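One-letter residues, chain by chain:
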Amino acid sequence: MADYGHDLSFGIFVTPKADAGPHIIELARRADAAGLDWVSVQDHPYQPAFLDAMTLLTAIAAATERVAVFPNVANLPLRPPAVLARAVASLDILSGGRAELGIGTGAFWDAIAAMGGPRRSPRESVDALREAIAVIRALWTPGRGARAGGQYYSVSGAKPGPFPVHDVGIWVGAYKERMLRLTGEAGDGWLPSSPYAPPEQLAAMNAVIDAAATEAGRSPADVRRIYNIAGSFSGDGSSFLQGPPKVWAEQLAGLALDEGISGFVLMADDTVTVDRFAAEVAPAVRELVASERALADADADTDARPVSSPTDNSKKRERGIGVAATPDPGVRLSDETLWDETARPVAPAPDPDTDYSEAGRSHARDLVAVHDHLRAELAQLRDMIAQVAAGSLDPGKARTEISKLTMRQNQWTVGAYCESYCRLVGLHHTLEDTSLFTGLRRLDGRLAPVTGRLTEEHHVIAGLLSRVDAALVALVTDPVRGMPAVRAAVDLLTDALLSHLSYEEHQILEPLARLGPAIYG
């Protein structure tokens, strides 16, 4: 299999126990503050010991600011699709575009039948789900009257609406071939769980989805892959997700790059596990995947580039390290000042006789490659805002797309190299063995002022990214008055990010090339 290139997202999957409501809400708040992307709950309407999933998700959305919510997965036999469509759309509107829809055929048929629901065979269940997806989409599509469905579910002239404020994904919980094929033909995402679909089975299941998508005239990349996972931070790492956070990060990054998994949802109900997942695992996976993607992009670019002549200076070399720092464009779009650039510390001058290894030069090149990816994303962001201003792109859709950018991920880093920060008060980043700044300070103490300043600027930029997101939320409700705030926020982000990336390259490319792999030793 292959990496489909989707953005990475991380979340939690909590048990909706009726006697644990306050704890669930607090866990959701911690996930939100820690920078996770999703909070999901299982949906078993026949279970008297559980809270109603849709009611609980609404309470979670009201208690949080940015985390998205979804049923994992909605029990279709007890939630008629026409009603479910309006419920999810309402939740998306009330949460400012933070609802998704996980859906399944249902299980525990005796309990479903006891609640007045239907009892269906496996074949009937798949056919009913196919019709349900069509009904839901029809009610989310503007028009005079929705018509969709068939034998099990249908709408005939029902008025569509309310409409979600962003493109809500319909993610299918599927394991067997007919369900996997339905996912490839009609789903926006695949939502399996590791206890029922262990890592070694993912490739074969993905192949079925991909083939079905292709036969339906879709791209396999149209189907996002979200994986419910369970594990323990104890253990020796010999089994899946049984070991320290570093083991988790390596295994999950492997699934992202080799099996196309881009969403990881942790099944956990305790704060310690959730906190460690948010602080130590998620940012490490992002760094590993971003680094590998940047290297792949750089390799592809190198393969496509014509061979330079001996006098070609397009690949400048700086102090023998094999790559040049990108200049600060020097143009400022905003009148607001975030920091004093004249007060930035400067790295010590290099020894002109230093012999740089190829491994060290590779580290320096990788940093520039990752930075160039972020610069390209910044241009993409500015283009989307221009489309919104011109009326050619819906604000909710823009917010959805912007949230997918690498730069907008919740633990803000620069690829595999910038030191991750943790938003959750009281937690500290512990990935010292993979942290660039820690290694630089350890090997060359003179770099401490520079790495300290870079860390401070990372926090400022993280705040600017949140400011852009808040402005987009306001824009959804008031497009006229909201656009100036969005433009101002994006202009300020542009000034800060381009200035910061250039400063970082000028200060640490040489130490990276000089110290090389020993930084991570």
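Here is a short report on the structure shown in this document. This structure is a prediction, so every number in the text was calculated from the model and none was measured.

### So, the packing of aromatic side chains
Within the structure shown, the criterion is met by 10 aromatic pairs. A ring pair is formed by Y227 and F240, whose centres lie 6.4 Å apart and whose planes are at 35°; its orientation type is tilted. Taken as a pair, Y227 in strand β10 (residues 224–229) and F240 in the loop between β10 and α8 (245–259) lie far apart in primary sequence, 13 residues in all. Residue classification places Y227 among the buried positions, given a relative accessible area of 0%.

### Describing the layout of surface pockets
In this structure, the second largest pocket occupies an estimated 970 Å³ of space. Every residue lining the second largest pocket is counted, 33 residues in all, and those nearest its centre are T105, G106, A107, G173 and Y175. Those elements that provide at least two residues to the lining of the second largest pocket are β4 (74–75), α5 (122–139) and α6 (177–186). Element by element, the count of residues in the lining of the second largest pocket is highest for α5, at four residues.

### Let's talk about unusual backbone geometry
With an omega of 5°, the peptide bond between N72 and V73 qualifies as cis. With phi around 55°, F108 is a residue other than glycine that occupies positive phi space. By the element assignment, F108 lies in the loop between β5 (101–104) and α4 (109–114). Judged by relative accessible area, F108 falls into the exposed class, the value being 54%. In this structure, L241 is a non-glycine residue whose phi angle is positive, near 55°. Mapped onto the fold, L241 is located in the loop between β10 and α8. Residue classification places L241 among the buried residues on the basis of a relative accessible area of 0%.

### Looking at the pattern of salt bridges
In total, this model carries 28 salt bridges according to the counting rule given. Measuring nitrogen to oxygen at the nearest pair gives 2.7 Å for the salt bridge that ties R130 to E185. Of the two residues, R130 is situated in helix α5 and E185 in helix α6; the sequence distance between them amounts to 55 residues. A residue is classified by how much of its surface remains accessible, and R130, at 35% relative accessible area, is partly exposed. Accessibility expressed as a relative area gives 27% for E185, which makes it partly exposed. The salt bridge partner of R514 is E510, with a shortest N-O separation of 3.1 Å. Of this pair, R514 and E510 both sit in helix α14 (residues 479–515), separated by four residues, roughly a single helical turn. Note on R514: relative accessible area 28%, which makes it partly exposed. The class for E510 is buried, based on a relative accessible area of 2%. Each member of the salt-bridge network shares a partner with another, and the members are R130, R181, E185 and E215.

### Concerning the pairing of strand β11 (residues 263–267)
Of all five residues in β11, four are buried, a share of seventy percent or more. Both strand β1 (residues 9–14) and β11 contribute to a ladder of five bridges, which runs parallel. Looking across to β11, one finds that S9 is bridged to G263. Alignment of β10 against β11, held across four bridges, turns out to be parallel. Bridging across to β11, I226 finds its partner in G263.

### A closer look at the nonpolar core
Taken as a class, soluble globular proteins show a tendency for nonpolar side chains to be buried jointly. One finds L101, I103, F264 and F277 to be the most contacted residues of the largest nonpolar core, which totals 82 residues. With nine residues, α5 is the single largest residue contributor to this core. Sequence-distant contacts of L101, that is, excluding residues within four places in its chain, are made with F70, P71, A74, L84, V88, I136, W140, V168, G169, I170 and W171. I385, L465, V490 and L493 belong to the second-largest nonpolar core, a separate cluster that totals 26 residues.

### Section: the sheet that holds β10
One open sheet accounts for nine strands, arranged β3-β2-β1-β11-β10-β9-β8-β5-β4; its pairing is parallel. Of all strands in the sheet, those with a lone pairing partner are β3 (68–71) and β4, marking the two edges. Pairing geometry for β1 and strand β2 (residues 38–41), over four bridges, is parallel. Along β2, the bridge assignment pairs F13 with S40.

### Digging into helix α2 (residues 53–63)
Residues of α2 that are buried include every one of A53, M54, L56, L57, I60 and A61, and no others. Seen from one end, α2 has its buried residues packed into an arc of 160°, which puts them on one side. Set apart from the buried face of α2 by more than 90 degrees, the exposed residues are T55 and A62. You can read the cap of α2 off the contacts: a side-chain oxygen lies 3.4 Å from the backbone nitrogen of M54, and it is on D52.

Scoring rules and cut-offs
- Residues numbered from 1 in each chain as written.
- Predicted model: local features only at pLDDT ≥ 70, side-chain atom pairs only at ≥ 80, totals over all residues.
- Heavy atoms only, no water.
- Phe/Tyr/Trp six-rings, centres within 6.5 Å; stacked < 30°, edge-to-face > 60°.
- Helix = DSSP H or I, 4+ residues; strand = E, 2+ residues; numbered from the N terminus.
- Buried < 20%, exposed > 50% of the residue type's maximum accessible area, 1.4 Å probe, protein only.
- 1 Å grid on protein atoms, 1.4 Å probe; cavity = no way out; pocket = protein on both sides within 12 Å on 5 of 7 lines; lining within 4 Å.
- Points joined across faces, edges and corners; volume = space filled by probe spheres on them.
- Salt bridge = Lys/Arg side-chain N within 4 Å of Asp/Glu carboxyl O.
- Pairing = 2+ DSSP bridges.
- Core = buried A, V, L, I, M, F, W, Y, C linked by side-chain atoms within 4.5 Å.
- Contact = heavy atoms within 4.5 Å.
- Arc of directions from axis to C-beta.
- Polar contact = N/O pair within 3.5 Å; in protein donor to acceptor, adjacent residues only side chain to side chain.

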